[in-house]
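So you can see what is in the structure, the chains are spelled out below.
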Amino acid sequence: MTLDKHKLDGIPQITSKTLPKEDFETLVGKADYQLSGSAPAKGNRLKVW
């Protein structure tokens, strides 16, 4: 997900395209999002839902 092109409920607009994993997990954790699943994706990425 290109972070600066999407709006996530409960999270202020992210202005950078990418974030370190720890920073992103902190943001979504504070907004009460939870990891329910993940899978490998193209380009050495990870799909998370």
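For the structure, check the block above.
Basis of the calculations
- Residues numbered from 1 in each chain as written.
- Predicted model: local features only at pLDDT ≥ 70, side-chain atom pairs only at ≥ 80, totals over all residues.
- Heavy atoms only, no water.
- Helix = DSSP H or I, 4+ residues; strand = E, 2+ residues; numbered from the N terminus.
- Buried < 20%, exposed > 50% of the residue type's maximum accessible area, 1.4 Å probe, protein only.
- Contact = heavy atoms within 4.5 Å.
- Areas by Shrake-Rupley, 256 points an atom, 1.4 Å probe, with all protein chains shown as cover.
- Lys, Arg positive; Asp, Glu negative; His and termini not counted.
- Charge placed at Lys NZ, Arg CZ, Asp CG, Glu CD.
- Pairing = 2+ DSSP bridges.
- Patch = residues over 30% accessible without salt bridge, like charges linked within 9 Å, V, L, I, M, F, W, Y side chains within 5 Å.
- Salt bridge = Lys/Arg side-chain N within 4 Å of Asp/Glu carboxyl O.

Peer 1: What should I look at first to understand the overall build of the chain in this one?
Peer 2: Each helix and strand in the chain was counted, giving one helix and two strands. In the chain, the order of α-helices and β-strands from amino to carboxyl end is α-β-β. Along the first, second and third principal axes, the C-alpha set of the chain runs to 25 × 20 × 15 Å. Of all 49 residues assigned to the chain, the portion counted as buried reaches 12%. A separation of at least 24 residues holds for 7% of the contacts in the chain among residues at least 6 apart in sequence. Accessible surface computed for the chain: about 4,400 Å², of which carbon and sulfur atoms make up 53%. Charged side chains in the chain number 8 positive and 6 negative. The centres of these two groups are separated by 10 Å.

Peer 1: Mind showing me how you'd approach the pairing of strand β1 (residues 38-41) here?
Peer 2: On a regular strand, one side chain projects to one face of the sheet and the next to the other, so that they alternate. Sheet topology note: the β1/strand β2 (residues 45-48) ladder contains four bridges and is antiparallel. In the sheet register, proline 40 faces β2, and the bridge partner there is leucine 46. Taking the residues between adjacent antiparallel strands as the criterion, β1 and β2 are bridged by three residues, where glycine 43 takes a positive phi near 75 degrees.

Peer 1: Would you mind showing me how to read a nonpolar patch on the surface here?
Peer 2: Taken together, the side chains of Leu35, Leu46 and Val48 present a nonpolar region at the surface, about 320 Å² in accessible area. Mapping leucine 46 onto the fold places it in strand β2.

Peer 1: Explanation requested: the pattern of salt bridges in the structure shown.
Peer 2: Side-chain pairing between opposite charges can occur once the charged atoms of the two side chains come close. Tallying each qualifying case throughout the model produces one salt bridge. One salt bridge in this structure joins glutamate 25 and lysine 21, with 3.9 Å as the shortest N-O distance. Within this pair, glutamate 25 and its partner lysine 21 are both found in helix α1 (residues 21-30), separated by four residues, close to a single helical turn. The partly exposed category is assigned to glutamate 25, whose relative accessible area is 44%. Taking relative accessible area as the criterion, lysine 21 reaches 58% and is therefore assigned exposed.

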